[in-house]
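So you can see what is in the structure, the chains are spelled out below.
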Amino acid sequence: MTDNTGHKAGTEDQVGGRVAGLLLAAGGGRRLGGRPKALLEHRGHPLVEHAVGVLRAAGCTRVHVVLGARAEDVRARAALDDCVLVDNPDWEQGMGSSLRAGLASLTGTGARAALVSLVDQPGIGARAMARVRAGYRDEASLVSAAYAGVRGHPVLLGAAHWAGIAATATGDRGARAYLREHEAEIALVECGDVARPYDIDTEADLVHLE
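## Re the pattern of salt bridges
Thinking step 1. Here the structure, examined in full by the defined rule, presents nine salt bridges.
Thinking step 2. For the salt bridge of aspartate 73 with arginine 70, the shortest nitrogen-to-oxygen distance reads 2.8 Å.
Thinking step 3. Given a relative accessible area of 32%, aspartate 73 falls into the partly exposed group.
Thinking step 4. Here arginine 70 falls in the partly exposed class, since its relative accessible area comes to 43%.
Thinking step 5. In this structure, aspartate 193 and arginine 131 form a salt bridge, with 2.7 Å as the shortest nitrogen-oxygen distance. Highlighted residues: aspartate 193 in the segment after β9 (187-190) and arginine 131 in helix α5 (residues 126-133), separated in sequence by 62 residues.
Thinking step 6. Judged by relative accessible area, which is 56%, aspartate 193 ranks as exposed.
Thinking step 7. If you follow the salt bridges from partner to partner, you end up with Lys37, Asp120 and Asp201 in one network.

The following block contains the structure:
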């Protein structure tokens, strides 16, 4: 049996499918003059395409991508054929709605954890993603990249936490409230030596794109 990515069900779950990549790429780029971040160019490709490649290079064989602003343009311009594309009609409500939609899309796929990545952080590459992914132990895992000891992205969210995260993910907070409540359970993985955790939020930040 295959899923809608063309992968054989079961085989993927035993190897790379336990940890699925979940890319949040729905934002409309309000502070970028309304240019969706997913469509910004980086290294000759749309930023969303670059971010998917990073998750795959880190070992995620299943990648779900949450789209929102100008979703049809993103589908047309980015090579995302091997991904599960998740439309978030409520993307204007903030990152929380995209996280909820993404986690819901993973339910029933066999994934036991989600490695959550943000499309506007191209300074975080495959080495950092792989470090966090390697922290997976079971469905109760909570793992986060840290930069000089300060928690950041990506984060790995075990499936046992998805319902609790979805219940508290509102506005632009994402999983922040849930993770704060479960701080003692989070395994921090230092990534400051291999990644730069800047965001592409404003016109001034575009200097980071290559």
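Let's pick the thread back up.
## Details of unusual backbone geometry
It is generally the case that most residues other than glycine have a negative phi and that most peptide bonds are trans.
Thinking step 1. Residue proline 154 is bonded to the preceding histidine 153 through a cis peptide linkage, with omega at 0°.
Thinking step 2. On the secondary structure map, proline 154 appears in strand β8 (residues 150-158).
Thinking step 3. The phi dihedral of arginine 43 is positive, around 55°, even though this residue is not glycine.
Thinking step 4. Here arginine 43 lies in the loop between β2 (41-42) and β3 (45-46).
Thinking step 5. Not every positive phi belongs to a glycine, and arginine 70 is a case in point at roughly 50°.
Thinking step 6. Its place among the elements puts arginine 70 in the loop between β4 (63-67) and α3 (71-77).

Rules and cut-offs
- Residues numbered from 1 in each chain as written.
- Predicted model: local features only at pLDDT ≥ 70, side-chain atom pairs only at ≥ 80, totals over all residues.
- Heavy atoms only, no water.
- Salt bridge = Lys/Arg side-chain N within 4 Å of Asp/Glu carboxyl O.
- Buried < 20%, exposed > 50% of the residue type's maximum accessible area, 1.4 Å probe, protein only.
- Helix = DSSP H or I, 4+ residues; strand = E, 2+ residues; numbered from the N terminus.

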